[in-house]
Amino acid sequence: MQLTLEFGGGLELLCQSVKIHNVDVDQAGEEKLTMRHLLSWVRTNLIKERPEMFMKGDTVRPGVLVLVNDCDWELSGQLDTTLDDKDVVVFISTLHGG
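Residues numbered from 1 in each chain as written. Predicted model: local features only at pLDDT ≥ 70, side-chain atom pairs only at ≥ 80, totals over all residues. Heavy atoms only, no water.

S.K.: How should I be thinking about the packing of aromatic side chains in this particular structure?
M.R.: Aromatic rings considered in pairs are described by the distance between their centres and by the relative angle of their planes. Summed over the entire model, instances satisfying the criterion amount to 3 aromatic pairs. When the centroid spacing of 5.2 Å and the interplanar angle of 20° are considered together, the rings of Phe7 and Phe91 count as stacked. Of this pair, Phe7 sits in strand β1 (residues 2-8) while Phe91 sits in strand β9 (residues 88-93), and the two are 84 residues apart along the sequence. Phe7 gets classed as buried once you look at its relative accessible area, which sits at 3%. Arranged with centres 5.1 Å apart and planes meeting at 80°, the rings of Phe54 and Phe91 form a pair that is edge-to-face. One end of the pair, Phe54, is in the loop between α1 (35-45) and β4 (55-56); the other, Phe91, is in strand β9, with 37 residues separating them in the sequence. In terms of burial, Phe54 and Phe91 fall into one category: buried. One aromatic cluster is present, built from ring pairs that chain together Phe7, Phe54 and Phe91. (Phe/Tyr/Trp six-rings, centres within 6.5 Å; stacked < 30°, edge-to-face > 60°. Helix = DSSP H or I, 4+ residues; strand = E, 2+ residues; numbered from the N terminus. Buried < 20%, exposed > 50% of the residue type's maximum accessible area, 1.4 Å probe, protein only.)

Structure representation (structure tokens):
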């Protein structure tokens, strides 16, 4: 499944400073790809350092805003949100040092 993943607010630093990733995510035999599976895939394939800054357990850390096609994932089921081909998923850290 082709997806566009965008990282902002400093999260791009965990992915070798690359903000936008066009990826092909294997559904691992599942009928529907969910955010739960995508986050696991991101941790394994994109996060190159300090994964604890992005994830806590099987979800994103508090302070990370997740948008699926410009809609807050809290409105669509969070980890159970299903993804479709060509979806855009954005991760933005709302916590900044100063």
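S.K.: Whenever I open this one, the environment of Arg50 confuses me. Can you help?
M.R.: By the element assignment, Arg50 lies in the loop between α1 and β4. When the C-alpha positions of Arg50 and Leu14 are compared, they lie 6.7 Å apart, and in sequence the two are 36 residues distant.

S.K.: Whenever I open this one, α1 confuses me. Can you help?
M.R.: Along α1, the residues that are buried comprise Met35, Leu38, Leu39, Trp41 and Val42. Looking straight down α1, one finds its buried side chains confined to an arc of 160°; they lie on one side. (Arc of directions from axis to C-beta.)

S.K.: Can you walk me through the sheet that holds β9 in this structure?
M.R.: Strands belonging to one sheet form pairs held by backbone hydrogen bonds; the direction of such a pair is parallel or antiparallel. Taken in spatial order, the 5 strands of this open sheet run β2-β1-β9-β6-β7, and their pairing is mixed. The open sheet has two edge strands with one neighbour each: β2 (20-24) and β7 (71-72). Across 5 bridges, the pairing between β1 and β2 is antiparallel. Pairing of Glu6 across the sheet is with Ile20, part of β2. Against the sheet, α1 engages β1, β2, β6 (64-68) and β9, with an angle of about 65° to β1. (Pairing = 2+ DSSP bridges. Contact = heavy atoms within 4.5 Å. Axes fitted to C-alpha atoms, helices over the stretch in contact; angles between N-to-C directions.)

S.K.: Can you help me understand the environment of Asp72 in this one?
M.R.: Take Asp72: it is sitting in strand β7. Judged by relative accessible area, Asp72 falls into the partly exposed class, the value being 24%. Separated by 18 residues in sequence, Asp72 and Val90 place their C-alpha atoms 9.5 Å apart. Ignoring any residue separated from it by four or fewer positions in sequence, one finds Asp72 in contact with Leu65, Val66 and Leu67. A polar atom in the side chain of Asp72 sits 2.9 Å from the backbone nitrogen of Glu74. (Polar contact = N/O pair within 3.5 Å; in protein donor to acceptor, adjacent residues only side chain to side chain.)

S.K.: For this particular structure, what's the right way to read a negative patch on the surface?
M.R.: Taken together, Asp24, Asp26, Asp84 and Asp85 make up a surface patch of like negative charges. In this structure Asp84 comes out as partly exposed when scored by relative accessible area, which is 43%. (Patch = residues over 30% accessible without salt bridge, like charges linked within 9 Å, V, L, I, M, F, W, Y side chains within 5 Å. Areas by Shrake-Rupley, 256 points an atom, 1.4 Å probe, with all protein chains shown as cover. Salt bridge = Lys/Arg side-chain N within 4 Å of Asp/Glu carboxyl O. Lys, Arg positive; Asp, Glu negative; His and termini not counted. Charge placed at Lys NZ, Arg CZ, Asp CG, Glu CD.)

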